[in-house]
Amino acid sequence: MENEKRTCLYDKHVALGAQMSPFGGFVMPIQYKGIVEEHNAVRHGCGVFDVSHMGEVSVTGADAEKFVNHIFTNDVTAGPVGKCFYGMMLNPDGGVVDDLLVYKRDDDDFFLVINASNIEKDVAWIRSCADGYDVMVDNMSDCLGELAVQGPAAEEVMTGVLGLDCARLSFYTFMTLDIDGESVIVSRTGYTGEDGFEIYASPGMVNHMWDKLIESGKVEPCGLGCRDTLRFEVGLPLYGNELGDDISPLEAGLGIFVKLDKDEFIGKDAVMKLKEDGLRRKLVGIELLDRAIPRHGYEVLNVDGEPVGVVTTGYHAISVDKSVALALVDVAYSAIDTPLEVRIRRKTFPAKVVKKKFFKKSYKN
């Protein structure tokens, strides 16, 4: 872990006895008391995650809206200032450079939140696309920390512990606050399937808020282990698993975030062609008819033992007590209830195709 970066909360995690491990180029807390306990804290109460490893990029200038729409699959002209947008940046072949959130601060001011493992690649790619546009691209990743406060009690905690009036935020909106002379962004998106908030602020402010949350006793510190089990149960993708340079958003079932009625965006022609030609593979949910646990990279077979796909993420899901997986499979085997098998080491286990969302989301409308 010598060459891995540390977030501004690293010492706090160590002091709490967190299990630390490399992730996305950073040394991150994987768990504190345990993945199951932390997972359930978010499902039933409130948990806080250090997600300061995520990258942040500011795009400003007279052509900012036009430029962001050029590199982003969603349509940032379709919402007001204060709106968050989920979508992807695509390469010309239609593969995913990264999935990200875009915050519309003004028509000439956008805030992009990108994945930790892709920061350098994404920033270089964004800048390479900026020729001919009157924009400034600023990598703010080293200047900001981020907390995610998640769970059905999140609003109560944000208000009662941190004194932040978040009730006025609807799902996928944000506000910018002045706190002790600092500009702080607070949004309501979430990556757990539960109500939740994100706080972007200076490292000092993030440390201060973390301390208040932990000292309150109303919030469970949570690691990236349960962050993955939580997002997986509600069918949310992880870049490098369900999305990648060689995986189209259409194959991942994310076509709703690809606005083909826009005039243009990078990768649009490739996506249009794929849609016209028809998908050859598709992301599906799979339930094992056994308690064996499927893992990323495990082979999916048809009932004749022929390879037809691969597991992208798999767990014994905590909230539903079932062994389930997300998998990319040949489209001929993607219908609900299609019988399949999963190879786990030297054995194969019977399975069937099910809906990708294994647990019902509980976001605030």
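Residues numbered from 1 in each chain as written. Predicted model: local features only at pLDDT ≥ 70, side-chain atom pairs only at ≥ 80, totals over all residues. Heavy atoms only, no water.

## Focus on the overall build of the protein
If you tally the helices and strands in the protein, you get 8 helices and 20 strands. Excluding contacts between residues fewer than 6 apart, the proportion of contacts in the protein whose partners are at least 24 apart in sequence is 66%. Here the protein has roughly 15800 Å² of accessible surface; of this, 49% comes from carbon and sulfur atoms. Where the 39 positive side-chain charges of the protein centre and where its 57 negative ones centre are 6 Å apart. (Helix = DSSP H or I, 4+ residues; strand = E, 2+ residues; numbered from the N terminus. Contact = heavy atoms within 4.5 Å. Areas by Shrake-Rupley, 256 points an atom, 1.4 Å probe, with all protein chains shown as cover. Lys, Arg positive; Asp, Glu negative; His and termini not counted. Charge placed at Lys NZ, Arg CZ, Asp CG, Glu CD.)

## Quick look at the sheet that holds strand β2 (residues 19-23)
Overall, mixed pairing links the 3 strands, which are arranged β1-β3-β2 in an open sheet. Edge positions in the sheet fall to β1 (5-6) and β2, since each of these pairs with one other strand and no more. Relative to the sheet, helix α7 (residues 224-233) contacts β2 and β3 (26-31), its axis offset from that of β3 by approximately 70°. (Pairing = 2+ DSSP bridges. Axes fitted to C-alpha atoms, helices over the stretch in contact; angles between N-to-C directions.)

## A few points about the layout of surface pockets
One number sums up the size of the second largest pocket: a volume of about 210 Å³. Surrounding the second largest pocket, 14 residues form its lining, Phe-26, Ser-52, Ser-141, Asp-142 and Leu-144 being those nearest its centre. Among the elements of the structure, β1 and α4 (119-128) are those that each provide at least two residues to the lining of the second largest pocket. Here the lining of the second largest pocket is composed, by residue class, of 5 nonpolar, 5 polar and 4 charged. (1 Å grid on protein atoms, 1.4 Å probe; cavity = no way out; pocket = protein on both sides within 12 Å on 5 of 7 lines; lining within 4 Å. Points joined across faces, edges and corners; volume = space filled by probe spheres on them. Nonpolar A, V, L, I, M, F, W, Y, C, P; charged D, E, K, R; others polar.)

## Notes on the side chain of Ser-141
Relative to the elements of secondary structure, Ser-141 occurs in the loop between β9 (136-139) and β10 (145-150). Of note is the side chain of Ser-141, whose polar atom sits 3.1 Å from the backbone nitrogen of Glu-56. Excluding anything up to four places from it in sequence, Ser-141 contacts Gly-55, Glu-56 and Ile-119. (Polar contact = N/O pair within 3.5 Å; in protein donor to acceptor, adjacent residues only side chain to side chain.)

## Thoughts on the packing of helix α2 (residues 35-44) against α7
Contact pair α2 / α7: the axes reach a minimum separation of 8 Å and the direction vectors enclose 55°. With respect to their mutual orientation, α2 and α7 come out oblique. As α2 runs across α7, the sense of the crossing is right-handed. Residues Ile-35, Glu-38, His-39, Val-42 and Arg-43 of α2 lie in contact with α7, whose contacting residues are Gly-225, Cys-226, Thr-229, Leu-230 and Glu-233. (Parallel < 35°, antiparallel > 145°, perpendicular 65-115°, else oblique. Left-handed = near helix turned anticlockwise from the far one by under 90°.)

## Topic: the pairing of strand β6 (residues 84-90)
Counted residue by residue, β6 has 7 buried out of 7 residues, so it is predominantly covered. Across the two faces of β6 the burial is the same, with Cys-84, Tyr-86, Met-88 and Leu-90 and Phe-85, Gly-87 and Met-89 all buried. Pairing of β6 with strand β7 (residues 96-106), which is carried by 7 bridges, proceeds in the antiparallel orientation. Note on β7: the bridge partner recorded for Cys-84 is Tyr-103. Where β6 hands over to β7, the hairpin turn is made up of 5 residues, of which Gly-94 adopts a positive phi near 90°. (Buried < 20%, exposed > 50% of the residue type's maximum accessible area, 1.4 Å probe, protein only.)

## Considerations on the pattern of salt bridges
For the coordinates displayed, the defined rule picks out 17 salt bridges. Residues Asp-211 and Lys-12 are paired through a salt bridge, measuring 3.0 Å at the closest nitrogen-oxygen approach. In this pair, Asp-211 is assigned in helix α6 (residues 203-216) and Lys-12 in helix α1 (residues 10-15), connecting sequence segments 199 residues apart. Assessed through its relative accessible area of 26%, Lys-12 is described here as partly exposed. With its nearest N and O atoms 3.2 Å apart, the salt bridge here joins Glu-194 to Arg-43. Here Glu-194 is found in the loop between β12 (182-187) and β13 (196-201), whereas its partner Arg-43 is found in helix α2, with 151 residues between them in sequence. Here Glu-194 matches Arg-43 in class, with each residue buried. Each member of the salt-bridge network shares a partner with another, and the members are Lys-33, Glu-37 and Glu-220. (Salt bridge = Lys/Arg side-chain N within 4 Å of Asp/Glu carboxyl O.)

## Side note on the sheet that holds strand β5 (residues 55-60)
Overall, antiparallel pairing links the 5 strands, which are arranged β6-β7-β8-β5-β9 in an open sheet. Two strands lie at the open edges of the sheet, namely β6 and β9, each paired on one side alone. The mean inter-strand angle of the sheet, taken between neighbouring strand axes irrespective of direction, is 30°. Where β7 meets strand β8 (residues 109-114), 5 bridges bridge the pair, whose relative direction is antiparallel. The residue of β8 that forms the bridge with Lys-104 is Phe-110.

## A word on α6
Here α6 spans 20 Å end to end across 14 residues, near enough to the 20 Å set by a 1.5 Å rise per residue. What α6 keeps buried is the set Met-205, Val-206, Asn-207, Met-209, Trp-210 and Leu-213. Immediately downstream of α6, the backbone of Gly-217 shows phi near 75°, a positive value. (Expected span 1.5 Å × (residues − 1).)

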